[in-house]
Amino acid sequence: MSTKYDSQRGLDRLLKEIDMSMLTPSDKRVFLARLSEHFEALFSHFTHVYGYHYDCYYHLRALLNTLAKNLSERTESLKALDASRLSNPHWYAHHSMLGMACYVDLFAGDLQRLKARIPYLQSLGVTYLHLMPLYRSPEGDSDGGYAVSDYRQVDPKLGTVSDLQSLATELRNAGISLILDFVFNHTSDEHAWAMAAKGGDKNFQHYYYMFDDKSIPNQYEPHLREIFPQVRRGNFTFDSTSRKWIWTTFNNFQWDLNYTNPEVFTAITDEMLFLANLGCEGLRLDALAFIWKEMGTDCENQPKAHTIIQAFNLCLKIAAPAVVFKSEAIVHPDEVVKYIDKEECQLSYNPLLMALIWNSLATRKTRLLTASMQKSFSISPDCVWVNYVRCHDDIGWTFDDNVAWQLGINPHDHRQFLNAYYTGQFEGSFANGVAFGENPNTGDCRVCGSLASLVGLEDALADNSIERIKTAIDRIMLTHAIILSIGGIPLIYSGDEVGLLNDYEYRTQPDKQHDDRWVHRIPLTDQDIAASQKQGTVQQQISARLQHLIQLRKTYPVFGAGNTTIIGTENQHVFVFLRQSSASDSVSVKSQNDNNTDETPTQLLALFNFTEHTQQVDAKYLAQLKAPHLFDLVSEEPLSHETTITLAPYQIRWIVPK
Ligand code: OTU
């Protein structure tokens with residue numbers, strides 16, 4: 001009680017010094033109400049990180065001024081969206097959700113032409129569109145846009161800020177939420193802050209980690225991972241203009257921001273809210289694991305990284321509450337889940353599921369997938385996974401070594417096997433992948449390649465093998481059926497819906513050839529889309545079968561909010577889980593009872609055969625489904641409780657009570 005009183009009294013005093021003149025009377029009421037709800041937590045996080053600064057109070061005031069200014073700049077329609085999201089905070093758990101991620105240029109050319117592709121997105125059922133970074137960035141290599149030179153300018157090749165703003169509105173009118181990248185661990189070395197730092201401006205030099213010599217970097221270095229060892233060893237870069245060593249976790253031209261400086265926190269909050277005010281509904285927190293450095297640690301997943309993200313989340317709650325965060329932590333599974341909380345990131349990529357789907361395809365076994373998901377799939381009911389099979393990055397084998405050891409799998413050897421398997425160095429492999437980021441010291445590497453090439457379509461087409469083409473398409477369906485049904489938002493990587501093959505063109509381009517991730521960053525042409533609509537083509541088979549699965553997801557609430565129980569059966573070639581709707585997802589679900597056969601099912605038993613052989617699963621698992629009659633949504637066959645469940649090669653079964 002007394003803390004509450006103190007914080008309100010402290011806030012009242014502080015507010016006398018905040019410029020609220022630009023707020024309308026109703027905005028001012030909203031601002032004060034939200035502050036009285038969230039200021040105490042914001043204050044606590046802010047002072048936890050910055051409280052030791054003599055001028056902490058000054059920075060807190062600057063932060064509140066930034067929040068007020070950004071709230072006043074929010075459009076009326078976005079304020080209406082704020083209100084509607086606050087009354088329906090779990091909108092992202094709905095079974096209608098379907099995500100897609102794409103590069104503006106590869107998907108459509110530019111922002112204007114992307115508008116013309118909205119009907120295509122709608123025909124797929126997309127409700128969530130993540131556009132890869134589209135901000136101004138250096139000419140030539142910009143790490144695919146992840147080196148941002150100006151958060152407030154769109155890359156001129158793609159359009160303008162006003163194009164982006166009008167696209168956000170058009171998307172929303174079409175039922176599609178826009179997701180943008182929030183690249184806040186680093187800026188490009190061409191960002192105005194970096195330019196000022198290079199020019200010797202001391203204030204801006206404190207925006208980054210800049211060292212006069214290598215003595216301090218040398219103390220950090222032995223504990224740090226190397227993310228792109230193929231382009232640069234170590235984590236520091238010498239800048240010849242300022243004659244300083246700069247912390248650069250990723251490429252030389254990506255300078256890590258210094259979050260020990262409260263001015264950086266406030267400056268980045270201002271940029272974040274600018275993006276929110278463009279009309280995006282989600283921000284993807286790029287490389288969030290790296291934002292806090294602590295000597296003697298690997299400088300990943302530090303407790304203060306969490307505090308800072310929670311503080312950003314509170315800033316959104318005050319100035320743009322419609323916007324949610326998506327965590328991009330491609331780290332150890334036990335660390336991934338720590339970012340997931342309604343006070344931190346409401347959404348999170350699921351890199352463990354992604355990696356282990358690929359593992360199961362290679363081994364034809366589901367034990368590691370099952371055991372890992374049993375351990376790590378369950379998260380707060382306020383949050384959802386973003387489940388994906390491929391994305392713009394490489395595949396890293398981020399499973400938990402202990403879970404592997406418990407199954408008798410040597411994790412180091414197994415990762416080597418997976419790399420060999422997917423880069424075509426393993427006899428009998430179906431995959432056409434490319435090794436990425438090989439570390440000469442550790443021998444580690446990751447894998448690149450498009451979905452279709454990695455599941456065997458590239459080779460099968462080259463050999464014109466009808467049977468292998470079908471098997472490759474079956475693998476595409478199997479992997480997507482899992483992300484469509486396991487719980488959370490399924491995120492399709494643009495081009496995968498029509499089975500685009502690896503594009504080796506990047507090897508001829510000087511600014512791309514050193515980064516093999518470009519092999520799976522592929523333009524989607526009008527011809528590709530036309531082929532996907534033409535009867536009999538491979539593209540059409542992929543797209544039609546995928547559409548069928550998507551339609552099922554959209555029809556049944558059981559694919560939305562609810563619980564997932566991962567089931568380990570005696571058959572180690574089949575992946576099995578049970579879904580149970582949560583009562584709040586639909587009214588009809590509430591009135592459902594055990595004997596009711598007409599209403600929408602509240603349970604789903606999903607089974608996936610990861611092999612090219614017929615598999616059987618004991619009928620006892622069907623007893624979980626509490627109804628006299630059963631029905632497989634995919635094959636549209638009735639099933640009986642008594643018979644063993646048979647799965648043809650790569651068959652997907654979505655069994656519901658009927
Ligand atoms: C992210 O990925 C982006 O997805 C990449 O495309 C960028 O290059 C990178 O950040 C820098 O902005 O290293 O290989 O463990 O968590 O943040 C992908 C590393 C990456 C990841 C991840 C990073």
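Right above here is the structure, for reference.
Just so it is clear, the structure is predicted and the values come from calculations on it, not from any experiment.

Asker: I'd like to hear about the overall build of the protein, residue by residue, with values.
Answerer: Per the secondary structure count, the protein includes 24 helices and 25 strands. What you see for the protein is a C-alpha radius of gyration of 25 Å, in line with the 26 Å of a compact globule of 658 residues. Taking the principal axes of its C-alpha atoms as reference, the protein extends roughly 75 × 60 × 50 Å. Out of the 658 residues in the protein, the part that is buried amounts to 62%. Contacts in the protein between residues far apart in sequence, at least 24 positions, make up 72% of those at least 6 positions apart. Just so you have it, the protein exposes about 25,100 Å², and 51% of that area is on carbon and sulfur atoms. With 58 positive and 78 negative side-chain charges, the protein shows a spacing of 3 Å between the two charge centroids.

Asker: Describe the site of the ligand, and please don't skip the residues or the numbers.
Answerer: Contacts to the ligand come from 19 residues, most closely from Asp143, Arg284, Asp286, Glu328 and Asp393. Between an oxygen atom of the ligand and a side-chain N or O atom of Asp393, the distance comes to 2.4 Å. Contact with the protein chains removes 97% of the 490 Å² of surface that the ligand exposes when unbound.

Asker: Which residues make up the sheet that holds strand β7 (residues 210-211), and what values go with them?
Answerer: Taken in spatial order, the three strands make up an open sheet running β7-β9-β8, and their pairing is antiparallel. Taken across any chain shown, the strands that pair with only one partner, and hence form the sheet edges, are β7 and β8 (236-239). Across two bridges, β7 lies against strand β9 (residues 244-247) in antiparallel orientation. Across the sheet, the residue bridging to Phe211 is Trp245, located in β9.

Asker: Give me the packing of aromatic side chains: which residues, what numbers.
Answerer: Scanning the entire structure with this criterion turns up 39 aromatic pairs. Judged by centre distance (5.0 Å) and plane angle (55°), the rings of Phe46 and Tyr50 are tilted. Highlighted residues: Phe46 and Tyr50, both in helix α2 (residues 25-50), separated by four residues, approximately one helical turn. Exposure class is identical for Phe46 and Tyr50. Each is buried. Summarising the aromatic geometry, the rings of Tyr220 and Trp247 are spaced 4.7 Å apart at their centres and angled 65° between planes, so their arrangement reads as edge-to-face. Taken as a pair, Tyr220 in helix α11 (residues 215-220) and Trp247 in strand β9 lie far apart in primary sequence, 27 residues in all. You'll find Tyr220 and Trp247 in the same group, each marked buried. Among the aromatic residues, ring-to-ring pairing joins Phe46, Tyr50, Phe182, Phe184, Tyr259, Phe265 and Phe312 into one connected group.

Asker: Before we move on, can you summarise the nonpolar core with the specific residues and values?
Answerer: One recurring pattern in soluble globular proteins is that nonpolar side chains are buried together. Residues Leu131, Tyr259, Trp358, Tyr422, Phe608 and Trp654 are the most contacted members of the largest nonpolar core, which totals 204 residues. Both of domain 1 (93-177 + 319-555) and domain 2 (558-657) provide at least three residues apiece to this core. With near-sequence residues (within four places) excluded, Trp358 lies in contact with Val389, Arg390, Ile395, Trp397, Tyr422, Leu451, Leu454 and Val455. Counting 14 residues, the second largest nonpolar core, distinct from the first, contains Leu578, Leu605, Leu607 and Leu647.

Asker: So what's going on with the side chain of His95? Residues and values would help.
Answerer: Inspection of the secondary structure assignment puts His95 in the loop between α4 (76-87) and β1 (99-102). What makes His95 buried here is its relative accessible area of 8%. Polar side-chain contacts of His95 include one of 3.2 Å to the backbone oxygen of Lys554.

Asker: Can you break down the sheet that holds strand β12 (residues 324-327) residue by residue, with the values?
Answerer: Taken in spatial order, the eight strands line up as β1-β2-β5-β11-β12-β13-β14-β17 and close into a barrel, and their pairing is parallel. Each strand axis lies, on average, 25° off the axis of its neighbour in the sheet, ignoring direction. Two elements, strand β14 (residues 384-388) and strand β17 (residues 489-493), share three bridges in a ladder whose sense is parallel. Residue pairing in the sheet places Tyr388 in a bridge with Leu491 of β17. Across the sheet, helix α12 (residues 262-277) touches β5 (177-182), β11 (282-285) and β12, and the angle it forms with β5 is around 160°.

Asker: Quick rundown of the pattern of salt bridges? Include the residues and the values.
Answerer: All told, the structure shown has 41 salt bridges when counted by the stated rule. We note a salt bridge from Arg468 to Asp463, for which the minimum N-O separation is 3.1 Å. Ionic pairing is found between Asp632 and Arg653, a salt bridge with its closest N-O pair at 2.8 Å. Here the residue Asp632 occupies a position in strand β22 (residues 630-632), and Arg653 occupies one in strand β25 (residues 652-657), the gap between them amounting to 21 residues. Residue class for Arg653 comes out buried when judged on its relative accessible area of 7%. A network of salt bridges, in which partner residues are shared, links Asp143, Asp393, Asp515, Arg517 and Arg521.

Asker: Describe the packing of helix α15 (residues 351-363) against helix α18 (residues 411-422), with residues and values.
Answerer: At a minimum axis distance of 11 Å, the contact between α15 and α18 shows a crossing angle of 75°. Overall, the two elements α15 and α18 adopt an arrangement that is roughly perpendicular. Residue-level contacts link Trp358, Asn359, Leu361, Ala362 and Thr363 of α15 to His414, Phe417, Leu418, Tyr421 and Tyr422 of α18.

Asker: Can you lay out unusual backbone geometry for me, pointing to particular residues and giving the numbers?
Answerer: Keep in mind that most residues, glycine aside, have a negative phi and that most peptide bonds are trans. Even without glycine at this site, Arg243 takes up a positive phi of about 60°. On the secondary structure map, Arg243 appears in the loop between β8 and β9. By relative accessible area, which is 54% here, Arg243 ends up exposed. Phi at Arg364 is positive, roughly 65°, even though this residue is not glycine. Relative to the assigned elements, Arg364 resides in the loop between α15 and α16 (367-376).

Basis of the calculations
Residues numbered from 1 in each chain as written. Predicted model: local features only at pLDDT ≥ 70, side-chain atom pairs only at ≥ 80, totals over all residues. Heavy atoms only, no water. Helix = DSSP H or I, 4+ residues; strand = E, 2+ residues; numbered from the N terminus. Rg over C-alpha atoms; globule rule 2.2 N^0.38 Å. Buried < 20%, exposed > 50% of the residue type's maximum accessible area, 1.4 Å probe, protein only. Contact = heavy atoms within 4.5 Å. Areas by Shrake-Rupley, 256 points an atom, 1.4 Å probe, with all protein chains shown as cover. Lys, Arg positive; Asp, Glu negative; His and termini not counted. Charge placed at Lys NZ, Arg CZ, Asp CG, Glu CD. Near = heavy atom within 4 Å. Polar contact = N/O pair within 3.5 Å; in protein donor to acceptor, adjacent residues only side chain to side chain. Pairing = 2+ DSSP bridges. Phe/Tyr/Trp six-rings, centres within 6.5 Å; stacked < 30°, edge-to-face > 60°. Core = buried A, V, L, I, M, F, W, Y, C linked by side-chain atoms within 4.5 Å. Domains from an automatic or database assignment. Axes fitted to C-alpha atoms, helices over the stretch in contact; angles between N-to-C directions. Salt bridge = Lys/Arg side-chain N within 4 Å of Asp/Glu carboxyl O. Parallel < 35°, antiparallel > 145°, perpendicular 65-115°, else oblique.

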